[in-house]
Amino acid sequence: MFTFIAKRLVQSILVMLTVALIAFSLFRYVGDPINNMVGQDTSLEERVELKERLGLNDSFLVQFARFAGNAARGNFGFSYQHRRPVSDLIAERLPATLELSIVSAFLAMAIGIPMGVYTAIRRNSWLAHSFMTLSLVGISLPTFLIGILLILVFGVMLRWLPTFGRGDVVQLGWWSTGLLTASGLKSLIMPSITLALFQMTLIMRLVRSEMLEVLRTDFVKFARARGLAERYVNFVVALKNTMVPVITITGLQLGSIIAFAIITESVFQWPGMGLLFIQAVGNVDIPIMAAYLVLIAFFFVVINLIVDMLYVVVDPRLRVDSAGGH
Amino acid sequence: MSDTTAQNTRKGWLARAADSDLWYSFVRSPVTIASTIVTLLFFVSAIFANWIAPHNPFDLASISIMDASLPPAWMVGGDPRFWLGTDDQGRDILSTIIYGARISLFVGFAAVIFSMILGISLGLVSGYVGGRLDAFIMRVADIQLSFPAILIALLIDGVARGVLPREMHQEMVFYVLIFAIGISGWVQYARTVRGSTLVEKNKEYVQAARVIGIGPFIILWRHILPNVMGPVLVIATIHLAIAVITEATLSFLGVGVPPTTPSLGTLIRIGNDYLFSGEWWITIFPGIALVLLVLAINLLGDWLRDALNPRLR
Amino acid sequence: MKAEVKKTSLLTIEGMRVEFASRRGHVVAVERLDLSVEPGEILGVVGESGAGKSTIGNAVIGLLEPPGEMTAGTILLKGDRIDDLDDAGKRKMRGARIGMIFQDPLTSLDPLQTIERQLVDTIQQHLGLSDSEARSRAVDLLDQVGIPDPQVRIAQYPHQFSGGMRQRVVIALALCADPELVIADEPTTALDVSVQAQILDLMKALCRDRQVGMILITHDMGVISETADRVAVMYRGRVVETGTTQQIMSQPTHDYTKSLISAVPRPDKRLKRFPLVTYIEDAEERPEGLNLATHWLGKVREEHKLTGNLLELKNAHMRFITRHSLFPSKRLYLDAVKDVSFAIQPGEVFGLVGESGSGKSTIARMITGIYKPTGGNILFDGTDMTALQSRAAAAPYRRQMQMIFQDPFSSLNPRMRVEDIIEEPIHFHNMAYDRQEAHQIMHDLLDVVGLGAQAARKFPHEFSGGQRQRISIARALATRPRFLICDEPTSALDVSIQAQVLNLLKDLQSELNLTMLFISHDLPVIRQICDRVGVMRHGQLLEVAPTETLFTDPQHDYTRHLLELMPKFRGFRMAK
């Protein structure tokens, strides 16, 4: 089991390094950093001197090492557009995105998993059929369209909920939270539903198909042949076996919520990292793009590690080695 | 049984298709028939847009600012010339939808085909050759799978913007877009094809071919590829839906197709600004069109998956 | 023929009919079925694939999968009707009154729960015992089924047990609530021969000691003759004959039973031809033999050195890496073939026999070049195949050796027509001048194997297992090989079809003077077809001897052990 964990740790570090490499290549070689930093009237000598001072003439490996070292400490240089340290910008925006993502993830799982289980167990009920139809509609609605529709109905026509922004926030140290104010919570409703809907339907369909697979296996048949109660078969035998593949993919999906937040933040003008990133793409603000990339990779790696730990807990085949011939 | 099959072989593939289980389940499902019709409608109008659309929204001479912001024909103030109303520039919404759908479908299709070719090739090679190459390709696939398509597409787009000079970027925008969406989708194909290849590789007809002495390329092309294509079709339909959504999202965010050739996503973005002033039709109708298109494709894909799955019967 | 059905029997089935609704109408899987089982008795239900045997088991325990349903007949368990119970009633009966054992122990157990959990939960479901009582009962059961150290092993997970041990656990689970009847559906088919015998003995003992009745469903006549008290023979959904095992084996009355018994390869004597099961439809033979003088297969036979061995293996070795690692010390290897040497003379039929994992199939693949040997030499007609560098250099030799595989369902490309399958090697080795000649050769070959020209345009799925093997044989002959490797060519076929295919191979071998390497785990078949035999175990070649010598005077202990395990058919007499 420890070899398994150790291997995953090593893989995670490799992933981070690869992403850092890509981010660094972006940083260094896309466009000219010097051009982006100085004005038009800076003389040639000043540019050359700047290049030397910033260490842009050193070898690739040295520059990469420097970049990686800085990145590990959270230093991503200066934004071309905003002319402020990237780390400051990110620190400002991170809480907004994280709060939105976590609430959405929770929604998606809390509704998606039970719905998936229900539609698998009661395949032929009309409720299951309607869930399935709704889910098809759910994955056909692009996230931004859901946002627009919600804004139209609840913001413009009914005027129940605010249509943009985060509402009032409370500062706790460097973290700003919208969960402690009424307007903050109200502002959270539509964006989180928008973000959660797509993931919710995906999770529901996934859980359903995995569970149907498991319900067809021999050991479920054998459990039924032993006269075990239907409830036991469904929830103790089938559900537990479904969880193993579901955990991986749910983990991946949740990771992608953080990235999908980009869209939601655009529609609702939510002051998070996603909005920052979109603006950076439009303005070719490389430092922000690179930083975002590394940050997202970090989140994914952490989520994957957690998923792997959960795996070990759930599946005994990973904890104990199998027997040879006895 | 031998009699009917003998007849079947003589009739040829068309009759065989008509007798197949696939057609049977197709004809039995009204939803599937409806979604196929809708999809076909979109395709046809996309191909024949020039003849079908009542107006040409890109012909600057034919639009007039006097016709701007007219509501749909059945509402007060509407004009029977413009069934679904006009936008802020006087362009007919219905026509812009038809042309826009064409762009959306074009990009979506091209991206899917690019993805397919890349993914299938990598999957075949990975599964058949195995060893280090396989491990490497799968590792890359795993890493890429952690990043959602949107992000990858955005990144590639952003990089292209930075690397290519402005004019060149304008010209190449479609290629960049197709590349970006395509690159973000190959993993699904590769994984499925690799899995099927691993299974087929060990089947005895492949071994028989090797015993005859046939080399790996011909084995992959003639023996393995035809037998792994089944699940690929299902993935392709689902992927087409995702590609269309991705393109729409990118265009909505402003980093997709250029504004001179607006797709449905661009139209929605343009109309978004007018939502608050009450001119809802500028954004809602393109939105409905997009949802209809994607829904139809998804329904088709769903049916295809169930119909091709031998265990569900 | 209606079997005697006593109302005092443990299980009584009368007039059962099971139908499956499909788009092509109703398919009748079982009809007019009458069966009975007494306490302590083992009733064997034997038949070939599609006969409906498993359907009976599923129907009795109430686990028929939709769209199947029982549309007529009654099932009585100790006088109580069980076929018309509602869902709750059926569930209560399962486990408590009827137990079931499935074929594959690998997939029958929940991988995520300990054995203890699975046993205790089942026990507590039916008998209201406390936790500690249930546990001690579980440990007791494991002991009864022969699991060593039950106190310790009960806490383990299924993947920590070997195949045979797992099946014992499955038996314990089926018996833990003390059912009166047990249905065993092909319980030993997935196990190795040596483990099979132990499991069957265990089941016999348990039935006797607990006075439990058992329905033993299988296609294997050997298992039936060793284990069952009474036998019901099934064909196409109907019972054609029932009787005691002794009766059925020595004096069968129904035609199907007669031909079925006689088609089983005899372990005790070598016959000239395999007797055919004439009752079934597919039983055709080739119209007449080959006339080598005029046939394509006889033209242009290459003149080769006719002296010396055709095939020779010298110290062949094959090592697979089962676990890769960056560190050489942590890698795991499997030596599938260890230092094997033997030679085959031209025109000889050499047999290779052993259990699964013995390495016999690996040798076949080493000879044909699918695996590259990690050590030793393989010489074909004097040329060292292992020294050849390129595929092009090896091609002329590859042409002369061909192979027939075990699984008729995966040995033909499902997307190619039969004509393309057979013509592929012809085109590849440039055996014909043009497409027309290739076409002609292909039709010829189809005639040779007894299928005829109308098979050409069809796809593999339109043929039965036996017919597909014939297509495989036609494909193998298309390159006019001198050497034919048959890797378990009939193991996946029903007994009745086996005979036809084996006869075909025998005929072709003698007409074309083919040299053959015949691989099988089935000793009786080996005895009927091979001139010399090699015995393999765990990758090593233990003994090589002429066939009759091996069977009558085996030298190695393992050979003796294998011969012991051959099923002895009680009262077996050739029904002429």
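Rules of the game
Residues numbered from 1 in each chain as written. Chains lettered and ligands numbered in written order. Predicted model: local features only at pLDDT ≥ 70, side-chain atom pairs only at ≥ 80, totals over all residues. Helix = DSSP H or I, 4+ residues; strand = E, 2+ residues; numbered from the N terminus. Buried ≥ 20, exposed ≤ 12 C-beta atoms within 10 Å, placed from the backbone. Contact = placed C-beta atoms within 7 Å. Nonpolar A, V, L, I, M, F, W, Y, C, P; charged D, E, K, R; others polar. Pairing = 2+ DSSP bridges. Axes fitted to C-alpha atoms, helices over the stretch in contact; angles between N-to-C directions. Left-handed = near helix turned anticlockwise from the far one by under 90°. pLDDT = per-residue confidence, 0-100. Expected span 1.5 Å × (residues − 1).

Enquirer: Summarise the overall build of chain A; cite the residues concerned and give the values.
Expert: Across its full length, chain A carries 13 helices and 2 strands. Taken over 326 residues, chain A has a buried fraction of 41%. Pairs at least 24 apart in sequence give 71% of the contacts found in chain A among residues at least 6 apart.

Enquirer: Pulling in residues and values, what's your account of the overall build of chain C?
Expert: The helix and strand inventory of chain C stands at 20 helices and 20 strands. Sorting the 576 residues of chain C into buried and exposed places 46% on the buried side. Within chain C, contacts between residues at least 6 apart in sequence are counted, and of these 69% link residues at least 24 apart.

Enquirer: I'd love a proper account of the interface of chain C and chain A, names of residues and values included.
Expert: At the junction of the two partners, chain C supplies 27 residues and chain A supplies 24 residues. Within the residue set of the side of chain C that touches chain A, elements represented by two or more residues are helix H2 (87-96), helix H3 (105-108), helix H4 (115-126) and helix H7 (163-175) of chain C. A per-element tally of the side of chain C that touches chain A places H2(C) first, with 5 residues. Across the side of chain C that touches chain A, the residue classes break down as 12 nonpolar, 9 polar and 6 charged.

Enquirer: Describe the sheet that holds strand E4 (residues 68-77) of chain C, listing the residues and the values that go with them.
Expert: Residues and elements named next belong to chain C. Spatial strand order, E2-E1-E4-E5: 4 strands in an open sheet with antiparallel pairing. Bordering the open sheet on either side are strand E2 (25-37) and strand E5 (80-81), each of which pairs with just one other strand. One ladder, built from 9 bridges, connects strand E1 (residues 11-22) with E2; its direction is antiparallel. Considered in E2, the bridge of Ile 13 is made with Leu 35. Strand contacts of helix H1 (residues 53-61): E1, E2 and E4, with the helix running at about 75° to E2, the strand carrying the most contacts.

Enquirer: Outline the interface of chain B and chain A, supporting the account with residue identities and numerical values.
Expert: Taken together, the contact pairs 36 residues of chain B with 34 residues of chain A. Where the side of chain B that touches chain A is concerned, the elements lending two or more residues are helix H7 (131-146), helix H8 (149-163), helix H12 (216-253), helix H13 (264-272) and helix H14 (281-308) of chain B. The greatest single-element share of the side of chain B that touches chain A, amounting to 10 residues, is contributed by H8(B). For the side of chain B that touches chain A, the per-class residue count stands at 24 nonpolar, 9 polar and 3 charged.

Enquirer: Got a sec to walk through the packing of helix H5 (residues 86-121) of chain A against helix H10 (residues 230-268) of chain A? Specific residues and values, please.
Expert: Residue and element names in this part refer to chain A. At a minimum axis distance of 9 Å, the contact between H5 and H10 shows a crossing angle of 145°. The handedness of the crossing between H5 and H10 comes out as right-handed. Along the contact surface, H5 presents Thr 97, Leu 100, Ser 101, Ser 104, Ala 105, Met 109, Val 117 and Ile 121, while H10 presents Asn 234, Leu 239, Thr 250, Leu 254, Ile 257, Ile 258, Ala 261 and Thr 264. Tallied by class, residues from the contact of H5 with H10 come to 10 nonpolar, 6 polar and no charged.

Enquirer: Could you give an account of the sheet that holds strand E14 (residues 375-380) of chain C, naming the residues involved and the relevant values?
Expert: All names here are of chain C. With respect to topology, 4 strands assemble into an open sheet ordered E12-E11-E14-E15, the strand pairing being antiparallel. The sheet is open, and its two edges are formed by strand E12 (332-344) and strand E15 (383-384), each paired on a single side. Relative to E14, strand E11 (residues 311-323) is paired through 5 bridges, and the arrangement is antiparallel. Residue pairing for E14: Leu 311 is matched across the bridge by Phe 380.

Enquirer: Before we move on, can you summarise the environment of B:Ile219 with the specific residues and values?
Expert: All names here are of chain B. Of note, Ile 219 is situated in helix H12. The buried category is assigned to Ile 219, around which 20 C-beta atoms lie within 10 Å. In this structure, the C-alpha to C-alpha distance between Ile 219 and Tyr 205, residues 14 residues apart in sequence, is 10.0 Å. Not counting chain neighbours up to four residues away, the residues in contact with Ile 219 comprise Val 206, Ala 209, Arg 210, Ile 214 and Ile 224.

Enquirer: Can you lay out the confidence of the model for chain A for me, pointing to particular residues and giving the numbers?
Expert: Summarising the model, chain A shows a mean pLDDT of 81, and 93% of its residues fall at 70 or more. Per-element confidence in chain A is highest for helix H9 (residues 218-225) of chain A, whose mean pLDDT is 90, and lowest for helix H2 (residues 33-37) of chain A, whose mean pLDDT is 64.

Enquirer: Account for the pairing of strand E16 (residues 401-404) of chain C, with residues named and values stated.
Expert: Residues and elements named next belong to chain C. Here E16 shows a buried face lined by Met 401 and Met 403 and a second buried face lined by Gln 402 and Ile 404. Where E16 and strand E17 (residues 483-487) come together, 4 bridges link them in parallel fashion. The partner of Gln 402 across the bridge, within E17, is Leu 484.

Enquirer: Quick one: what's the story with the environment of B:Asp306, residue by residue and with numbers?
Expert: Residues and elements named next belong to chain B. With respect to the element layout, Asp 306 can be found in helix H14. On the neighbour-count criterion, Asp 306 (14 C-beta atoms within 10 Å) is partly exposed. Expressed as a C-alpha distance, the spacing of Asp 306 and Glu 171, which sit 135 residues apart in the sequence, is 42 Å.

Enquirer: Describe in detail unusual backbone geometry, supporting the description with residues and values.
Expert: All names here are of chain C. Within the chain, Asp 149 stands out as a residue other than glycine whose phi angle is a positive 55°. Relative to the elements of secondary structure, Asp 149 occurs in the loop between helix H5 (131-144) and helix H6 (150-153). What makes Asp 149 exposed here is the crowd of 11 C-beta atoms within 10 Å. One non-glycine residue, His 538, lies in the positive phi region at around 50°.

Enquirer: Help me get a handle on helix H6 (residues 126-140) of chain A, residues and values and all.
Expert: Along its 15 residues, H6(A) runs 21 Å from first to last C-alpha, staying within 8% of the 21 Å computed at 1.5 Å per residue. Restricting attention to buried positions, one finds in H6(A) the residues A:Phe131, A:Ser135, A:Ile139 and A:Ser140. Looking at the packing, one finds that the buried side of H6(A) touches H5 and helix H8 (182-215) of chain A together with H12 and H14 of chain B.

Enquirer: Tell me about the environment of A:Thr18, residues and numbers included.
Expert: Its location among the elements puts A:Thr18 in helix H1 (residues 2-29). Along the primary structure A:Thr18 and A:Thr119 are separated by 101 residues, whereas in three dimensions their C-alpha atoms are 41 Å apart.

Enquirer: Could you give an account of the confidence of the model for chain C, naming the residues involved and the relevant values?
Expert: All names here are of chain C. Looking at chain C as a whole, its pLDDT mean stands at 83, while 89% of the residues score no less than 70. Per-element confidence in chain C ranges from a low mean pLDDT of 79 for helix H11 (residues 255-263) to a high of 93 for strand E13 (residues 349-353). Here residues 570-576 is a poorly scored stretch, pLDDT under 50, and it has 15 contacts once near neighbours within four places are set aside; other chains count. Per the prediction output, this complex has pTM 0.79; the corresponding ipTM is 0.78.

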